[in-house]
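# Coordinate analysis (summary)
So the chains spell out like this:
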Amino acid sequence: MAVFFVASTTRAGWVHLADALLWGTALLSFAVPFLSTWGIHATRELNPRGRQGVGGPIEGHAFSITIRLLNRLPLQRFMIAVRYPVSTPAGHASPHRFLFARLGAGAQRRLSKEFSFERRGRVELGSLTVECSAPFGLFRRARQIHAVQHVLVHPRWVPIARVGLLDASTGADDGRGLSRAGAELAGARRYVSGDPWRHIHWRNSARTGHLMVKEFDARGDHAFVFLLDPVARSGTSEAFDDAVRLAATAARPLIFRGDRVLVAAGGRLSRIFSSWPELMAELALLEADPSANRNPLILPAGARVLGFIPMGAGDEAAALVELARRGHPAAAVLFTGYDSATTWSAAGERLTAAGIPCVECTKGALEAAAQAIERGLEAAGPARVAQRIGASQASAHANKGAAA
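What you see is a predicted model; the values in this text were computed from it and never measured.

Basis of the calculations
- Residues numbered from 1 in each chain as written.
- Predicted model: local features only at pLDDT ≥ 70, side-chain atom pairs only at ≥ 80, totals over all residues.
- Heavy atoms only, no water.
- Pairing = 2+ DSSP bridges.
- Helix = DSSP H or I, 4+ residues; strand = E, 2+ residues; numbered from the N terminus.
- Contact = heavy atoms within 4.5 Å.
- Axes fitted to C-alpha atoms, helices over the stretch in contact; angles between N-to-C directions.
- Core = buried A, V, L, I, M, F, W, Y, C linked by side-chain atoms within 4.5 Å.
- Buried < 20%, exposed > 50% of the residue type's maximum accessible area, 1.4 Å probe, protein only.
- Phe/Tyr/Trp six-rings, centres within 6.5 Å; stacked < 30°, edge-to-face > 60°.
- Lys NZ or Arg CZ within 6 Å of the ring centre and 35° of its normal.
- Salt bridge = Lys/Arg side-chain N within 4 Å of Asp/Glu carboxyl O.

With mixed pairing, 6 strands are arranged side by side in an open sheet as β15-β14-β13-β16-β17-β18. The open sheet terminates on both sides in strands that have one partner only, identified here as β15 (268–269) and β18 (358–362). Against the sheet, helix α5 (residues 237–256) engages β13 (223–228), β14 (260–265), β16 (304–310), β17 (330–336) and β18, with an angle of about 175° to β13.

What follows is about the nonpolar core. The nonpolar side chains of a soluble globular protein tend to be buried, and buried together. In this structure, Phe-226, Leu-246, Leu-306, Phe-308, Val-333 and Phe-335 are the most contacted members of the largest nonpolar core, which totals 44 residues. Here this core takes 11 residues from α5, the largest share from any one element. Those residues in contact with Leu-246 that lie beyond four places of it in its chain are Phe-308, Val-333, Phe-335, Cys-361, Leu-366, Ala-369, Ala-370 and Ile-373. Residues Phe-117, Val-123, Leu-125 and Leu-128 belong to the second largest nonpolar core, which totals 22 residues.

Attention shifts here to the packing of aromatic side chains. Counted under the stated rule, the structure contains 7 aromatic pairs. Ring centres of Tyr-84 and Phe-98 lie 6.3 Å apart, and the angle between their planes is 25°; this geometry places the pair in the stacked category. Highlighted residues: Tyr-84 in strand β3 (residues 77–87) and Phe-98 in strand β4 (residues 93–103), separated in sequence by 14 residues. On the accessibility criterion, Phe-98 (0% relative accessible area) is buried. Arranged with centres 6.0 Å apart and planes meeting at 85°, the rings of Phe-226 and Phe-308 form a pair that is edge-to-face. Here Phe-226 is found in strand β13, whereas its partner Phe-308 is found in strand β16, with 82 residues between them in sequence. One exposure class covers both Phe-226 and Phe-308, and it is buried. Put simply, the rings of Tyr-84, Phe-98 and Phe-115 pair up and form one aromatic cluster. Above the plane of the ring of Tyr-84 lies Arg-44, whose end atom (NZ or CZ) is 4.6 Å from the centre. Positioned above the aromatic ring of Phe-98, the side-chain terminus of Lys-113 is 5.2 Å from the ring centre.

What follows covers the pattern of salt bridges. Within the structure shown, the criterion is met by 13 salt bridges. The salt bridge involving Glu-59 is made with Arg-245; its shortest N-O contact spans 2.5 Å. Taken as a pair, Glu-59 in the loop between β1 (40–47) and β2 (63–71) and Arg-245 in helix α5 lie far apart in primary sequence, 186 residues in all. Looking at Arg-245, the relative accessible area reads 8%, which means it is buried. Taking the shortest distance from any N to any O, the salt bridge between Lys-363 and Glu-238 comes out at 3.3 Å. On the criterion of sequence distance, the pair formed by Lys-363 in the loop between β18 and α9 (366–375) and Glu-238 in helix α5 is long-range, its members being 125 residues apart. Judged by relative accessible area, Lys-363 falls into the partly exposed class, the value being 45%. Taken together, the salt bridges that share partners define one network made up of Arg-119, Arg-120, Asp-241 and Glu-287.

Written out as structure tokens, the structure reads:
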């Protein structure tokens, strides 16, 4: 406006030319963003690259997001940006932004980028916003497309072949007996009163001349329970996240061989899981809760229990000892170094005294803890602790005898 009044006063041609250029720039900066966002349709596609049947992204692993733009009008479009907010379970918000330099008339273009989330949980991908500020950035035109999506980020795990720590609790072949029902046919025996008629082995009965019933492998009747401590304390949130990751690590070989897995957290027992993706979805949503209760647990008969206990969680250690006294084979993973430099505590000594095999998971050593769970009795801490206690007691008795 100032240049216009100067040009009107001075009647100088070059001032009129500068004024025309300024007005043209302003009008062009206003019109282009409006025309560039009009008639544009945007969609978002997620490519999680799931592993081992997990149909979603895994924490710490890259996955790609593809934005597809469709130009419905016979106009060339330039410098179109698509952005949306991302809300993580921790409450952090960050934007994702895609930039399309050119979009032809009536054309369609795709642009993919890789992202990763460092923590499990439900992530919200907000509404898409198509915007343009070309060519000079004086004006910005934005149009929001309501397409909110939720993504479930699964916990990461360490591949192991078996859970030797649970075998160390009662022996590798414990639970492999014969029963009236189970997962696998193991043989046949003569019928006795009370056997169900549906289990009669008709072929063997015809061959032997006596009623024969099928016998099954009783291992299918056993369940595995993962005991997690969700109570939030100082420095234990990281320990709880590592406990969930180790639970996913231990559950994988168990489910893949046909066993059943349950999760106990805060006095609540989950439903029975025999599907790997369903269990991973359950573990992904577990959160530490300062108001969690510790109600007594009623577990399936013969269930084996693997406890994930932060150091100082005496109540969880006591609950695991009580379950062992009820006849449940039990083992434990103790988390050390998350809130202090303590390597063993009263909880570890209590589990050791009850004969429960344990391994340690120190902060930043998740892979080493997973390998210890796989090796089982070779890496179990209580055996070493018991040896140390026995050696110290023996030396004390020897010193007393020498003094006497």
